[in-house]
Amino acid sequence: MVKQTIQIFARVKPTVRKQQQGIYSIDEDEKLIPSLEIILPRDLADGFVNNKRESYKFKFQRIFDQDANQETIFENIAKPVAESVLAGYNGTIFAYGQTGSGKTFTITGGAERYSDRGIIPRTLSYIFEQSQKDSSKIYTTHISYLEIYNECGYDLLDPRHEASSLEDLPKVTILEDPDQNIHLKNLSLHQATTEEEALNLLFLGDTNRMIAETPMNQASTRSHCIFTIHLSSKEPGSATVRHAKLHLVDLAGSERVAKTGVGGLLLTEAKYINLSLHYLEQVIIALSEKHRLHIPYRNSMMTSVLRDSLGGNCMTTMIATLSLEKRNIDESISTCRFAQRVALIKNEAVLNEEIDPRLMIIRLQKEIQELKDELAIVTGEQKTEALTEAELLQPHKAVCRKNPKEGSASQEKLHVELHLAEKQWYKTMFTHLKALKVEIEHLQLLMDKAKVKLQKEFEAWWAEEATSLQVDTPAVKSLNLTKPFHQAPESLHERPQLLSNKSDVNARKILPSPCPIVYSQEQNSTSASLDDRSVILSL
Ligand SMILES: Nc1ncnc2c1ncn2[C@@H]1O[C@H](COP(=O)(O)OP(=O)(O)OP(=O)(O)O)[C@@H](O)[C@H]1O
């Protein structure tokens, strides 16, 4: 388990006008904890001497000034998170700041130059590169892309739609199971086997993103977007699978409604954005207060989805994006204050390991077969009938959690859905196991044929040896060798039989295999072990 507070970083967007300098300063040397000081411009209307505060100081893990490029941001912020995701821990990186402060530029990137690629494409590149390098594990990557707009979730990767408006996309709803785990209904998961496939998914999602123009920003995103990389890894042959999720979150602008100067539909949007960010703030405040029992995650969709990232099983990082211009001072201070609160939240990240039930069934089935074989040796009876469905599902049931007895209406609905999904899963598993069993039987048949061939070879060798050797021991008698070996047996049935009944071949009798001859110089004899009966041949 890794206990860690949420890491906070600040990124200052390059200013258009050079005269904006002098509004802030960065102190990198302050006992190794960098701080950002925002200096309030003097208002002469307040008089030359007044009690107004002149500056605010905020501490961050690291502050990236205007000249920090995308590569530096990735290397210092995203790469460590991607590394822990590859190791099996959940991770979240979210950008928070006012409209136009560079959230989308930081998370997704700019479209103009290749070097402007943001955290998402760079992280995808890194994850695919590392997983290909690591031959000790098998990695599987899935992508989902969720947009939350006016408290409704939309699947940005729905393959059936070419969205002309957001309403064309399937609505994503939240389901909560009895263990308070969040399930997102209708959010599609897409496997990406290469970096290119993953980037195509990002491109499809971005194309579907809602873009609305406001007076504040010509291409302002009015919604929250969560791009999630689901990474599973397992060692070959192992039934233990590690699942890790990496949420890369581009939140909507955090500015106050009054400042946006919009009305009508955009005002409604702004209120929703403010409301969900207000709920996010409430969750952050509740988490940063000690001994708070109730955390109001359920108040908004965004806090429900990010539940694990905030005060849960996740390594979380926040990037406060700042547009430090004179007109944005208040918003920048408010973003920094928010970050200071976020920095107090402690998360406990654990390795998300589970036993893959499918591999478990295969393993148990193999074990059952081995046990049956052993039993056949002891009892002489071979259990050949196919495993029953109940037998096949028994191991799976053992690894599945029990359902609770009762629940509310929504829980019942969830149970019905989970039950149907489980039924479908059983069906698929059963078909798969049946196919597997046919393959096992085929292999066993081949093995039996090989044994018969071996038996024949042994008999031929034995007949050859018998013609040149004199054998007269009780052991030989017990083999029913009543005729001298120099006389060839009249029929095959009179030869020593290793197969008790050849028709049993298809019933997969376990046959004793012939042992090699061991020559003993001291005893001047050759001893051959045949089954558990040994034959001493005098020379
Ligand atoms: N560090 C940066 N370097 C260069 N250009 C930047 C940087 N940050 C932002 N920009 C530019 O500023 C503009 C606004 O940035 P961006 O769209 O990322 O803001 P935002 O915070 O995501 O806004 P919104 O809340 O509306 O989504 C874009 O044209 C972007 O290219």
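Residues numbered from 1 in each chain as written. Predicted model: local features only at pLDDT ≥ 70, side-chain atom pairs only at ≥ 80, totals over all residues. Heavy atoms only, no water.

## Here's the deal with the packing of aromatic side chains
The final tally for this structure, using the stated rule, is eight aromatic pairs. On the numbers, 4.0 Å between centres and 10° between planes, the contact of Y96 with F338 is stacked. Within this pair, whereas Y96 is found in strand 7 (residues 91-96), its partner F338 is found in helix 8 (residues 329-342), the two being separated by 242 residues in sequence. Ring geometry for F458 and W461: centres 5.6 Å apart, planes at 35°, overall tilted. Of this pair, F458 and W461 both sit in helix 11 (residues 409-468), three residues apart, roughly one helical turn. By relative accessible area, which is 12% here, F458 ends up buried. Members of the aromatic cluster, connected to one another through ring pairs, are F458, W461 and W462. (Phe/Tyr/Trp six-rings, centres within 6.5 Å; stacked < 30°, edge-to-face > 60°. Helix = DSSP H or I, 4+ residues; strand = E, 2+ residues; numbered from the N terminus. Buried < 20%, exposed > 50% of the residue type's maximum accessible area, 1.4 Å probe, protein only.)

## Considerations on the nonpolar core
In this structure, L36, F60, F94, L280, L310 and M318 are the most contacted members of the largest nonpolar core, which totals 45 residues. Sequence-distant contacts of F60, that is, excluding residues within four places in its chain, are made with I8, F9, A10, I33, P34, L36, A320, C336, A339 and Q340. (Core = buried A, V, L, I, M, F, W, Y, C linked by side-chain atoms within 4.5 Å. Contact = heavy atoms within 4.5 Å.)

## Regarding the pairing of strand 14 (residues 240-250)
Sheet analysis places strand 7 next to strand 14, joined by five bridges and oriented parallel. Bridge pairing links G91 to L246 in strand 14. As paired elements, strand 13 (residues 224-234) and strand 14 share nine bridges and run antiparallel to each other. Bridge pairing in strand 14 places I226 opposite V249. Counting the residues in the hairpin turn of strand 13 and strand 14 gives five residues, including G237, whose phi is positive at 85°. Two elements, strand 14 and strand 17 (residues 353-355), share three bridges in a ladder whose sense is antiparallel. The partner of R242 across the bridge, within strand 17, is E353. (Pairing = 2+ DSSP bridges.)

## Thoughts on the UniProt feature "binding site: ATP" (unreviewed entry) in the protein
If you check UniProt for "binding site: ATP" (unreviewed entry), the listed places come out as G97, Q98, T99, G100, S101, G102, K103 and T104 in our numbering. Among the structural elements, G97 can be located in the loop between strand 7 and helix 2 (103-107). For G97, a relative accessible area of 0% corresponds to the buried category. In this structure G97 touches K103, A252, G253, S254, T321 and T335, once residues within four positions along its chain are discounted. With respect to the secondary-structure elements, G100 resides in the loop between strand 7 and helix 2. Residue G100 is classed as partly exposed on the basis of its relative accessible area of 27%. (UniProt positions renumbered as here; feature names shortened; annotations may be inferred.)

## Some points on the sheet that holds strand 3 (residues 24-27)
The three strands lie next to each other as 3-4-5, forming an open sheet whose pairing is antiparallel. Each having just a single partner strand, strand 3 and strand 5 (55-59) make up the two edges of the open sheet. Geometrically, the sheet is characterised by an average inter-axis angle of 20° between neighbouring strands, direction not taken into account. Inspection of the sheet shows strand 4 (residues 35-39) paired to strand 5 by five bridges, in the antiparallel sense. Along strand 5, the bridge assignment pairs L36 with F58. Each of strand 4 and strand 5 is contacted by helix 8, which is oriented at about 35° to strand 5, the strand it contacts most. (Axes fitted to C-alpha atoms, helices over the stretch in contact; angles between N-to-C directions.)

## Comments concerning helix 1 (residues 70-86)
A maximum bend of about 45° is found in helix 1 at A78, where proline P80 lies one to four positions downstream. Residues of helix 1 that are buried include every one of Q70, I73, F74, I77, A78, V81, A82, S84, V85 and L86, and no others. Directly after helix 1, the chain includes G88, whose backbone phi takes a positive value near 110°. (Bend = angle between axes of the 7 residues up to and from the residue.)

## A short note on the packing of helix 1 against helix 3 (residues 119-133)
Here helix 1 crosses helix 3 at 45°, and the two axes come no closer than 9 Å. By the angle between their directions, the pair helix 1 and helix 3 is classed as oblique. Crossing geometry of helix 1 relative to helix 3 is assigned as right-handed. Taken together, the residues of helix 3 that come into contact with helix 1 (itself represented by Q70, E71, I73, F74, A78, K79, A82, E83 and L86) are I119, R122, T123, Y126, I127 and Q130. Looking at the contact of helix 1 with helix 3 residue by residue, the classes come out as eight nonpolar, three polar and four charged. (Parallel < 35°, antiparallel > 145°, perpendicular 65-115°, else oblique. Left-handed = near helix turned anticlockwise from the far one by under 90°. Nonpolar A, V, L, I, M, F, W, Y, C, P; charged D, E, K, R; others polar.)

## Structural notes on the side chain of N347
Checked against the element boundaries, N347 lands in strand 16 (residues 346-349). For N347, a relative accessible area of 1% corresponds to the buried category. A distance of 2.9 Å separates a polar side-chain atom of N347 from the backbone oxygen of S309. Only 3.1 Å separates the side chain of N347 from the backbone oxygen of C314, close enough to count as a polar contact. Apart from residues no more than four positions distant in its own chain, N347 is found in contact with V2, K3, Q4, I6, S309, L310, G311, G312, C314 and T316. (Polar contact = N/O pair within 3.5 Å; in protein donor to acceptor, adjacent residues only side chain to side chain.)

## Here's the deal with the pattern of salt bridges
If you walk through the whole model with that rule in mind, you get nine salt bridges. Residues K133 and E129 are paired through a salt bridge, measuring 3.7 Å at the closest nitrogen-oxygen approach. Taken as a pair, K133 and E129 lie in helix 3 at a separation of four residues, close to a single helical turn. Given a relative accessible area of 40%, E129 falls into the partly exposed group. The shortest N-O distance in the salt bridge between K137 and D134 comes to 3.9 Å. Take K137: its relative accessible area is 22%, and that puts it in the partly exposed class. Classification of D134 as partly exposed rests on a relative accessible area of 22%. (Salt bridge = Lys/Arg side-chain N within 4 Å of Asp/Glu carboxyl O.)

## A short note on the environment of S254
With respect to the helices and strands, the residue S254 is situated in the loop between strand 14 and helix 5 (257-260). Relative accessible area serves as the criterion here: at 11%, S254 is assigned to the buried category. Between the C-alpha atoms of S254 and L277, which are 23 residues apart in sequence, the distance is 7.0 Å.

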